[in-house]
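# Results of the structural survey
The residues making up each chain are set out below.
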Amino acid sequence: MSGFSIRWMVALLLILLVGGSFFYCEYLIYFPAILKCAWPQGKSAEGRADGTEVRAMVLSDTHLLGAVGGHWFDKLRREWQMERAFQTALWLLKPEIVFILGDIFDEGKWSSQKHWEDDVRRFHRMFRHASDTELVVLVGNHDIGFHYEMDWFKLQRFEKVFNASSTRIVTKKGVNFLLLNSVALHGDGCPICQAVETELIRLSGEMNCSLQLYSPSPPIMLQHYPLYRVSDAGCTGEKYDSFVIMASLLLWWFKPRLILSGHTHSGCEVLHDNKYPEISVPSFSWRNRNNPSFIMVSVSVDSYALSKCFLPEESTVINVYCLAGACMMLLFLAHCLWMKGLLQCLSLVVLGKHKSL
């Protein structure tokens, strides 16, 4: 085989290594991870399989980086990962409704109008969805600021973009999802807090009346902050903010059969008052976790079931790229050594002919 053919073969192998590792890590890697996930099957009160469930995908804390603190490559990388993961999940799992439990943006609490509009545009591109999939977005402290930072302008800016209100009920197939602005549940009488509390009291009254008249199921409660818990024993991650004063009132007003929250970036299960389960949903961003995940919920009027779907670990992606780089180096080194040996042979042949003359 000629040196020219060898060089072309080496070049082809290098292209295959680079292209193959890139295509796998940036596109294909999400498919085997998400294909492992399956919708949980709920059981009705009579123990039969329930075929009328709402299939809900729940994720949290996407933290799209802003113009102030976000490095361009970090922003590009994390948004690409979340976009591919989300679009792959939609295609393979086909949820009917998707909930994002706040902290959509990382800098919404201080971003200018121009930067806010750019962040919103990128969000809509990443989390685009078909018309038969409903996307419901809740507000978090990074979207409008912590309790002492939020104001009407930032709150209404968020609500206008996402067609949301601080407190509302979304009903699907008879299942009630209660959505809360937990940043405003500080219980100190601030104007926004008072408005949210008044709306909560109204909704509680309506729901209690409905329970007496029609016996609908208790709601699934969703918010950004977790409810207060005495200890984080058994939970991973750090101790984060939780709204304290309103927690017992919310449980008393609505008696939720399930609570889903975000904010902590880690998963946790807590049983409040020995009858109200709360699940903390981990962050969906690889910037916050090596192994992001989301929750899959199958919920009907009288049952629910949950499962967690893990996305590819970033360490796996790094290892694949490192392995591909090592293979490229070895291939290049082998080629250089082979060419060096070939040149030595040719030089010996030339020298031998010269001596014979």
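Identification of the protein chain as Metallophosphoesterase 1 from Takifugu rubripes is taken from an unreviewed UniProt entry. Taken directly from UniProt, the Function (unreviewed entry) text for the protein chain runs: "Metallophosphoesterase that catalyzes the removal of a side-chain ethanolamine-phosphate (EtNP) from the second mannose of the GPI-anchor protein intermediate. Participates in the glycan remodeling steps of GPI-anchor maturation to allow an efficient transport of GPI-anchor proteins from the endoplasmic reticulum to the Golgi." You can read under Cofactor (unreviewed entry) in the UniProt record for the protein chain the words "Mn(2+)".

Hydrogen bonds between backbone groups are what pair the strands of a sheet, and the pairing can be parallel or antiparallel. In space, the 6 strands of this open sheet follow the order S4-S5-S6-S7-S9-S8, with mixed pairing throughout. Single-partner strands in this sheet number two, and they are strand S4 (167-172) and strand S8 (268-272). With strand direction ignored, the average angle separating the axes of adjacent strands in the sheet is 20 degrees.

According to the stated counting rule, one finds 2 disulfides in the structure shown. In this model Cys37 forms its disulfide with Cys309; the gap between the sulfur atoms is 1.9 Å. Across the S-S bond of Cys37 and Cys309 the torsion is about 80 degrees, and the bridge reads as right-handed. In this pair, Cys37 is assigned in the loop between helix H2 (30-35) and strand S1 (54-59) and Cys309 in strand S11 (residues 304-310), connecting sequence segments 272 residues apart. For Cys37, a relative accessible area of 14% translates into the label buried. What pairs with Cys190 in a disulfide is Cys193, and their sulfur atoms sit 2.3 Å apart. In this structure, the disulfide formed by Cys190 and Cys193 twists by about 80 degrees around the S-S bond and is classed as right-handed.

About the thresholds
Residues numbered from 1 in each chain as written. Predicted model: local features only at pLDDT ≥ 70, side-chain atom pairs only at ≥ 80, totals over all residues. Heavy atoms only, no water. UniProt positions renumbered as here; feature names shortened; annotations may be inferred. Pairing = 2+ DSSP bridges. Helix = DSSP H or I, 4+ residues; strand = E, 2+ residues; numbered from the N terminus. Axes fitted to C-alpha atoms, helices over the stretch in contact; angles between N-to-C directions. Disulfide = S-S within 2.5 Å. Buried < 20%, exposed > 50% of the residue type's maximum accessible area, 1.4 Å probe, protein only.

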